[in-house]
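# Coordinate inspection notes
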Amino acid sequence: MHQYLKAIGFGDIRTKNELKAVLRDVRENFNHQTIVSYRQGEDFCEIRKEYGQCIGISMCGELDENDVFEPAYYFPYFQGSGISTYSEIAVERKIEKEQYVGMCEDSRIGISLIFTVQNGIEYMRERQAGFIKDLTTSVTLSGLSLSGMILLPVIKDERKMESDREASDNRKMLLNAARSGDQTAIETLTLDDIDMYSQVSRRLANEDVFSIVDTYFMPYGIECDLYSIMGKILAVRRRKNSLTGTELYQMKLEVNEMEFDICVPVDCVMGEPEIGRRYKGTVWLQGYINF
């Protein structure tokens, strides 16, 4: 049973029979179907069933020569909005199945972002057509979260906000230069990190860590596409799973100047989300590559 089914409103599934009933509904009443040539006499097929606005379950497998669908795996998805990042994208197939993970570098985050590719079957089609070499395009990121907490914002005056923007722009330029092998930029970043560590250490004696750290984006656990995040809420709306009736929050967050959407059950959020407040939690990161 996929752990993140709960994030799109299927938290009441307890047994394999209940799961089989949901997956049977996906196979019999799907909204979208995409097929791509796979191997001689076989096609790879993806079917999707929507269970609310922007949420649903995707099931992937093979179609044999008699058009019989043999499911290989499934996963819950949440479609984000807008453009999260634009950069060079690397895509790799998972070892055990025809599913893909993507990786991109964004100087605003400072780390390589690894995400589960939502439109892997489109990637297969583009790869067969020969359009994938040196792929540089935009990605719409989204996250599924099982639980989270709402925090109050950090109050800043205009001078502080302007100073933060200048520091962020300067750090992004240094990071880009360091990736190109600029030794001076590498040394400057190292010294900046040492200064930041000493400043934070002094402030922690009298302040709470969440009043010092405004937002963050950090890898979480062993899985490569899980992240611990804290971000400013830019928009929030309540949706409902059409099958189970579970209410969900769909929020647009700004994390380290990057915007993306997350989905989380209402009952699993501590606090009341409002624009300007912050959301803290763990997300399974997904991405839709805009070919």
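Check the entry above for the structure.
The structure contained in this document is the topic of the report that follows. (Residues numbered from 1 in each chain as written. Predicted model: local features only at pLDDT ≥ 70, side-chain atom pairs only at ≥ 80, totals over all residues. Heavy atoms only, no water.)

## Digging into the side chain of arginine 48
Residue placement: arginine 48 occurs in strand β2 (residues 42-52). For arginine 48, a relative accessible area of 8% translates into the label buried. In terms of polar contacts, arginine 48 uses its side chain to reach the side chain of glutamate 46, at 3.4 Å. Other than its neighbours up to four places away in sequence, arginine 48 contacts Phe30, Asn31, His32, Ile57, Ser58, Phe75, Tyr77, Gln79, Gln118 and Asn119. (Helix = DSSP H or I, 4+ residues; strand = E, 2+ residues; numbered from the N terminus. Buried < 20%, exposed > 50% of the residue type's maximum accessible area, 1.4 Å probe, protein only. Polar contact = N/O pair within 3.5 Å; in protein donor to acceptor, adjacent residues only side chain to side chain. Contact = heavy atoms within 4.5 Å.)

## Overview of the state of the cysteines
Scanning all chains against the criterion turns up 0 disulfides. Cysteine 45 supplies the cysteine sulfur nearest to cysteine 60, a cysteine that is in no disulfide, at a spacing of 8.1 Å. (Disulfide = S-S within 2.5 Å.)

## Some words on the packing of aromatic side chains
Counted by the stated rule, this structure contains 6 aromatic pairs. Among the aromatic residues, those joined into a cluster by ring pairs are Phe217, Tyr227 and Phe260. The aromatic ring of tyrosine 77 is capped on one face by arginine 48, whose charged end is 4.4 Å from the ring centroid. (Phe/Tyr/Trp six-rings, centres within 6.5 Å; stacked < 30°, edge-to-face > 60°. Lys NZ or Arg CZ within 6 Å of the ring centre and 35° of its normal.)

## Considerations on the side chain of threonine 137
If you trace the backbone, threonine 137 turns up in strand β9 (residues 136-151). On the accessibility criterion, threonine 137 (11% relative accessible area) is buried. Within the local environment of threonine 137, its side chain forms a polar contact with the backbone oxygen of asparagine 290, the two atoms lying 2.5 Å apart. Those residues in contact with threonine 137, other than ones at most four positions away along the chain, are Thr85, Tyr86, Ser87, Ile89, Ile289 and Asn290.

## Digging into helix α1 (residues 16-28)
End to end, α1 covers 18 Å across 13 residues, agreeing with the expected 18 Å (1.5 Å per residue, within 8%). Every buried residue belonging to α1 is among Leu19, Val22, Leu23, Asp25 and Val26, and all of these are buried. Along α1, the residues classed as buried sweep out an arc of 150° about the axis, all on the same side. α1 presents Asn17 and Glu28 as exposed residues on the side facing more than 90 degrees away from its buried surface. (Expected span 1.5 Å × (residues − 1). Arc of directions from axis to C-beta.)

## Structural notes on the nonpolar core
Generally speaking, a soluble globular protein has its nonpolar side chains buried in company with each other. Ile57, Leu113, Phe115, Phe217, Phe260 and Tyr279 are the most contacted members of the largest nonpolar core, which has 65 residues in total. In terms of residue count, the dominant contributor to this core is strand β4 (residues 69-78) (6 residues). (Core = buried A, V, L, I, M, F, W, Y, C linked by side-chain atoms within 4.5 Å.)

## A closer look at the pairing of strand β13 (residues 258-265)
Buried residues dominate β13, accounting for 7 of its 8 residues. As defined by bridge partners, β9 adjoins β13 across 3 bridges and the pair is classed as parallel. Across the sheet, leucine 144 pairs through a bridge with cysteine 263, a residue of β13. The pairing of strand β12 (residues 247-255) with β13 spans 8 bridges and is antiparallel. Bridging across to β13, leucine 248 finds its partner in proline 265. The antiparallel pairing of β12 with β13 creates a hairpin that spans 2 residues between the two strands, and asparagine 256 there sits at a positive phi of about 50°. (Pairing = 2+ DSSP bridges.)

## Here's the deal with the pattern of salt bridges
This structure, assessed with the given rule, holds 6 salt bridges. The salt bridge partner of lysine 252 is aspartate 261, with a shortest N-O separation of 3.1 Å. The pair lysine 252 / aspartate 261 is uniform in exposure class, with both members buried. The salt bridge involving arginine 277 is made with glutamate 274; its shortest N-O contact spans 3.8 Å. (Salt bridge = Lys/Arg side-chain N within 4 Å of Asp/Glu carboxyl O.)

## A few points about the environment of leucine 204
For leucine 204, the position within the fold is in the loop between α4 (183-203) and α5 (209-212). In this structure leucine 204 comes out as partly exposed when scored by relative accessible area, which is 42%. Each C-alpha atom of the pair leucine 204 and methionine 173 lies 29 Å from the other, and the pair is 31 residues apart in sequence. Apart from the residues within four sequence positions on either side, leucine 204 is in contact with Val209 and Ile212.

## Topic: the environment of isoleucine 233
Of note, isoleucine 233 is situated in strand β11 (residues 226-240). By relative accessible area, which is 0% here, isoleucine 233 ends up buried. Sequence separation of isoleucine 233 and threonine 244 is 11 residues, and the distance between their C-alpha atoms is 26 Å. In this structure, isoleucine 233 is in contact with Ile150, Met251, Lys252, Leu253, Pro273, Glu274, Ile275, Gly276, Arg277, Arg278 and Tyr279, ignoring residues within four places of it in sequence.

## Structural notes on the pairing of β11
Sheet topology places strand β10 (residues 216-219) next to β11; 4 bridges connect them, and they run antiparallel. Across the sheet, the residue bridging to tyrosine 216 is methionine 230, located in β11. Two successive antiparallel strands, β10 and β11, enclose a turn made up of 6 residues, where glycine 221 displays a positive phi of approximately 70°. Summarising the sheet, β11 and strand β15 (residues 278-290) pair through 7 bridges and their orientation is antiparallel. Counted as the bridge partner of methionine 230 is lysine 280 from β15. Across 8 bridges, the pairing between β11 and β12 is antiparallel. Each bridged residue has a counterpart across the sheet, and for arginine 239 the counterpart in β12 is leucine 248. Following β11, the chain reverses through 6 residues before pairing antiparallel with β12; glycine 245 in that reversal takes a positive phi of roughly 80°.

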